[in-house]
Amino acid sequence: MERAVKGIIGEKLGMTQVWDDQNQVVPVTVIQAGPCVVTQVRTPATDGYSAVQLAYGQVDPRRVNKPDAGHFKKAGVTPRKHVAEIRTTDAVDYTVGQEIGPDVFEAGQLVDVTATSRGKGFAGGMKRHGFHGLRASHGVERKHRSPGSVSAGTTPGRTFPGKKMPGRMGGERVTTQNLTVHKVDPSQNLLFIQGSVPGPVGAMVIVRTAAKGAA
């Protein structure tokens, strides 16, 4: 369903804790949210859909390839490190070169945060999928963390695709939904979001208006 969405690109700075109005400790994630700049506005007439393209993070112009350099030059802005699109029905309200800060959100608002999760490397079934493992008492050799049987013998005689198995864990695009904005600091371009968000410290994150919660 098409809807108006506010969004911003930022960088995860880490977690801390603050005190709320009820004198309760609240764990928050601090995000360096912008400033972002609008580098392109997509409309149904020209692109087939409505979206706004944002860019964030300073980068050495010598490290930007020619197509990207030409794109930034056309928008009249200096090259940026990260670029992302926000699908929204009110894209026509933005102008190329416009600067976006964390004040697009307000305290108490619900947001969705998207980032690449921490890479865990190769992990077994217990860590990757939450398997309880084999018995820790009688009748089990030193195989307590093994996944156990993965398929039948003669019929079907194979392991079906999608079977939960050991393998690489993490390093995937993850969205955590319905997080609450605790505080907005426009003077320092900071967003304080209750709880944890995906990704390690320094990861690029995209904060958008919650898709399922109340705005």
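**Re the sheet that holds strand S5 (residues 80-87)**
As a general point, the strands of a sheet are linked pairwise by backbone hydrogen bonds and lie either parallel or antiparallel. Spatial strand order, S5-S4-S3-S6: four strands in an open sheet with antiparallel pairing. The open sheet is flanked by S5 and strand S6 (99-100), the only strands paired with a single partner. Across seven bridges, strand S4 (residues 51-58) lies against S5 in antiparallel orientation. Bridging from a neighbouring strand, Gln58 pairs with Arg80 of S5. Set on the sheet, helix H2 (residues 66-75) makes contact with strand S3 (36-42), S4 and S5; between it and S3 the angle comes to about 90°.

**Details of the environment of His132**
Along the polypeptide, His132 turns up in the loop between helix H3 (125-129) and strand S9 (167-170). His132 sits in the exposed class, given a relative accessible area of 74%. In sequence terms His132 and Pro35 are 97 residues apart; their C-alpha atoms lie 46 Å from each other.

**Comments concerning the confidence of the model for the chain**
Here the chain averages 90 in pLDDT, while 99% of its residues score no lower than 70. Summarising per-element confidence for the chain, the mean pLDDT is lowest in helix H1 (residues 44-47) (88) and highest in strand S8 (residues 119-123) (95).

**A closer look at the pairing of strand S2 (residues 25-33)**
Consecutive side chains of a regular strand alternate in pointing toward one face of the sheet and then the other. Pairing between strand S1 (residues 7-19) and S2: nine bridges, direction antiparallel. Paired with Gly10 across the strands is Ala33, a residue of S2. Pairing analysis gives five bridges linking S2 to strand S11 (residues 190-194), with the strands arranged antiparallel. Bridging from a neighbouring strand, Gln32 pairs with Leu190 of S11.

Definitions and cut-offs
- Residues numbered from 1 in each chain as written.
- Predicted model: local features only at pLDDT ≥ 70, side-chain atom pairs only at ≥ 80, totals over all residues.
- Heavy atoms only, no water.
- Pairing = 2+ DSSP bridges.
- Helix = DSSP H or I, 4+ residues; strand = E, 2+ residues; numbered from the N terminus.
- Contact = heavy atoms within 4.5 Å.
- Axes fitted to C-alpha atoms, helices over the stretch in contact; angles between N-to-C directions.
- Buried < 20%, exposed > 50% of the residue type's maximum accessible area, 1.4 Å probe, protein only.
- pLDDT = per-residue confidence, 0-100.

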